[in-house]
Every structure is written in structure tokens, then in C-alpha cells.
Amino acid sequence: MEAQIEDSLLVKEYINGNERAIGVLIKRHNARLTGFIYSKVGDRELTEDIFQDTFMKVIRTLKRGAYSEEGKFLPWVMRIAHNLIIDHFRKNNRMPMFEGADSFNIFSLMGDERLNAEKQLIKDQIDSDLARMIKELPEDQQEVLQMRIYKDMSFKEISDNTGVSINTALGRMRYALINLRKLVEANSIVLTN
């Protein structure tokens with residue numbers, strides 16, 4: 001009977017005080033979420049830790065009343081797990097270290113596919129975070145930043161294209177970078193891999 005109850009109804013029941021509802025949700029999505037996490041981290045113990053952290057975050061969000069039923073429950077939970085996986089990789093900087101040695105070992109330079117996947121996951125998140133923050137900048141700063149960084153235009157070219165002086169273009173770029181730095185700090189975003 002429990003399997004027939006919609007996730008959204010179980011979420012509402014949990015928010016209204018039915019503690020058993022969260023247990024049903026955890027049991028229902030355990031295998032899928034565990035499989036997803038394990039496919040990214042490749043470690044059973046770490047998978048269990050991230051799984052538990054994910055549902056702790058879910059529970060805190062639900063208790064705060066900060067969850068809105070915009071989509072499905074499972075994709076929301078998967079996104080939380082995805083972000084926790086990225087946080088783990090960023091904090092632990094899982095890239096291999098190559099220290100000087102007396103002999104050269106070709107095997108020390110060969111890549112590990114999982115590390116490449118981790119690097120791509122982190123890069124995608126950084127790109128997404130950066131794009132979101134750039135959209136928060138004033139339009140004139142966005143324009144100069146995109147021309148300079150993404151189109152590799154000189155400040156002279158930016159000046160010609162926007163109809164402002166080179167000094168104004170430089171100033172807008174400076175303020176764009178200052179504002180981005182403030183957004184990074186305010187949102188506690190890590191833009192390195």
C-alpha cells in the first residue's frame with residue numbers, strides 16, 4: 001500500500017508531523033540514490049556517508065518549510081546528492097599527486113577514468129555556478145565580461161563595439177570582477193577543482 005502513495009503526499013505528511021513518511025521515502029529511493037552516488041564515488045563507505053548527508057539535508061529543508069513541490073521529489077534529492085558529491089571532491093581535491101622521484105614511471109601519468117569523470121563533474125558545476133553569478137551582474141558589466149572572457153576581445157575592440165571609452169570598458173570589467181568576487185564569497189562557492 002505504501003508504494004502507491006505519491007512522493008508529494010508523503011512529503012506533505014512528513015511536514016505535517018508524520019515521521020513515518022520520511023522512512024517510506026528513504027526506503028523507496030534507497031537503491032536508486034545509493035546506485036547514483038556509488039557510480040560517482042566508487043566507494044561503499046563514502047556512498048553511505050553521502051546518502052546519509054543527503055537525507056539529513058532533505059529533512060532539514062523539509063522541517064524549515066523551504067521545500068517547494070516544483071517538480072518531483074526524487075530529482076530534487078538527486079540534485080542534493082550531486083551537490084554533496086561535488087563538495088566532497090572539491091574539499092578532498094582527489095587529483096593524483098606526482099612528486100619527484102629518482103625514476104620515471106609511465107604508469108604514474110596514466111589517467112584514471114573515474115578521476116576524469118570527477119574532474120568533468122566539478123568543471124560542469126563551476127561553469128554552472130559562474131554562469132548563474134554572471135547573470136546577477138548589471139547588464140553593462142555582463143556585456144564587457146562576456147566580450148573579454150568568452151569572446152577574447154581586446155578592450156579597444158570592446159570600446160568600439162559598445163561605444164564607450166576604453167577606460168569605461170576597463171572600469172566595467174573591474175567592477176564585474178569585484179562583484180563576482182562578492183557573489184562567490186556571499187554564496188560560499190568554490191570555483192576551483
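Residues numbered from 1 in each chain as written. Predicted model: local features only at pLDDT ≥ 70, side-chain atom pairs only at ≥ 80, totals over all residues. Heavy atoms only, no water.

1. Observations regarding the overall build of the protein
Reasoning step 1: Along the protein, the regular secondary structure elements total 8 helices and 0 strands.
Reasoning step 2: Taken from the N to the C terminus, the helices and strands of the protein come in the order α-α-α-α-α-α-α-α.
Reasoning step 3: Counting the 193 residues in the protein, one finds 34% classified as buried.
Reasoning step 4: The long-range fraction of contacts in the protein, counting pairs at least 24 apart against all pairs at least 6 apart in sequence, stands at 60%. (Helix = DSSP H or I, 4+ residues; strand = E, 2+ residues; numbered from the N terminus. Buried < 20%, exposed > 50% of the residue type's maximum accessible area, 1.4 Å probe, protein only. Contact = heavy atoms within 4.5 Å.)

2. Here we look at the nonpolar core
Reasoning step 1: Formed by 32 residues in total, the largest nonpolar core has its most connected members in Leu33, Ile37, Val58, Phe73 and Ile85.
Reasoning step 2: Where this core is concerned, the elements lending two or more residues are helix H1 (7-15), helix H2 (19-41), helix H3 (44-64), helix H4 (73-92) and helix H5 (113-134).
Reasoning step 3: A total of 10 residues in this core trace back to one element, the largest contributor, which is H4.
Reasoning step 4: Leave out the neighbours within four places in its chain, and isoleucine 85 touches Phe36, Ile37, Lys40, Val41, Ile50 and Leu121.
Reasoning step 5: Core analysis: the second largest hydrophobic core is formed by 16 residues, Met153, Met173, Ala176 and Leu180 among them. (Core = buried A, V, L, I, M, F, W, Y, C linked by side-chain atoms within 4.5 Å.)

3. As for a negative patch on the surface
Reasoning step 1: Taken together, the side chains of Asp43, Glu45, Glu48, Asp49 and Asp53 present a region of like negative charge at the surface.
Reasoning step 2: According to the relative accessible area criterion, glutamate 48 is partly exposed, its value standing at 38%. (Patch = residues over 30% accessible without salt bridge, like charges linked within 9 Å, V, L, I, M, F, W, Y side chains within 5 Å. Areas by Shrake-Rupley, 256 points an atom, 1.4 Å probe, with all protein chains shown as cover. Salt bridge = Lys/Arg side-chain N within 4 Å of Asp/Glu carboxyl O. Lys, Arg positive; Asp, Glu negative; His and termini not counted. Charge placed at Lys NZ, Arg CZ, Asp CG, Glu CD.)

4. Quick notes on the confidence of the model for the protein
Reasoning step 1: On average, the protein scores 79 in pLDDT, and the residues at 70 or more come to 80%.
Reasoning step 2: When mean pLDDT is taken per element in the protein, H3 scores highest with 90 and H5 scores lowest with 72.
Reasoning step 3: Segment residues 95-111 is flagged for pLDDT under 50; beyond a separation of four residues in sequence, or across chains, it makes 6 contacts in the model. (pLDDT = per-residue confidence, 0-100.)

5. Re the environment of lysine 12
Reasoning step 1: Its place among the elements puts lysine 12 in helix H1.
Reasoning step 2: The class of lysine 12 is exposed, set by a relative accessible area of 52%.
Reasoning step 3: The sequence separation of lysine 12 and leucine 62 amounts to 50 residues, and the corresponding C-alpha distance is 9.1 Å.

6. Details of the packing of H2 against H4
Packed helices, taken two at a time, are described by the angle between their axes plus the distance between the axes.
Reasoning step 1: Close contact between H2 and H4 brings their axes to 10 Å; oriented N to C, the two are set at 35°. The hand of the H2/H4 crossing is right-handed. Taken together, the residues of H4 that come into contact with H2 (itself represented by Leu25, His29, Arg32, Leu33, Phe36, Ile37, Lys40 and Val41) are Phe73, Leu74, Val77, Met78, Ala81, His82, Ile85 and Phe89.
Reasoning step 2: When grouped by side-chain class, the residues that make up the contact of H2 with H4 number 12 nonpolar, 2 polar and 2 charged. (Axes fitted to C-alpha atoms, helices over the stretch in contact; angles between N-to-C directions. Left-handed = near helix turned anticlockwise from the far one by under 90°. Nonpolar A, V, L, I, M, F, W, Y, C, P; charged D, E, K, R; others polar.)

7. Examining the packing of aromatic side chains
The relation between two aromatic rings is expressed through the spacing of the ring centres and the mutual angle of the planes.
Reasoning step 1: Here the structure, examined in full by the defined rule, presents 2 aromatic pairs.
Reasoning step 2: With centroids separated by 5.3 Å and ring planes inclined at 50°, the aromatic side chains of phenylalanine 51 and phenylalanine 55 adopt a geometry described as tilted. Note that phenylalanine 51 and phenylalanine 55 are positioned in helix H3 at a spacing of 4 residues, about one turn of the helix. The two residues phenylalanine 51 and phenylalanine 55 agree in class, both being buried.
Reasoning step 3: Ring geometry for phenylalanine 73 versus tryptophan 76: centroids 5.9 Å apart, planes at 55°, classification tilted. Placement of both phenylalanine 73 and tryptophan 76 in helix H4 is noted, with a separation of 3 residues, approximately one turn of the helix.
Reasoning step 4: Residue phenylalanine 73 is classed as buried on the basis of its relative accessible area of 1%.
Reasoning step 5: Over the aromatic face of tyrosine 38 sits the side chain of arginine 44, whose NZ or CZ is 3.9 Å from the ring centroid. (Phe/Tyr/Trp six-rings, centres within 6.5 Å; stacked < 30°, edge-to-face > 60°. Lys NZ or Arg CZ within 6 Å of the ring centre and 35° of its normal.)

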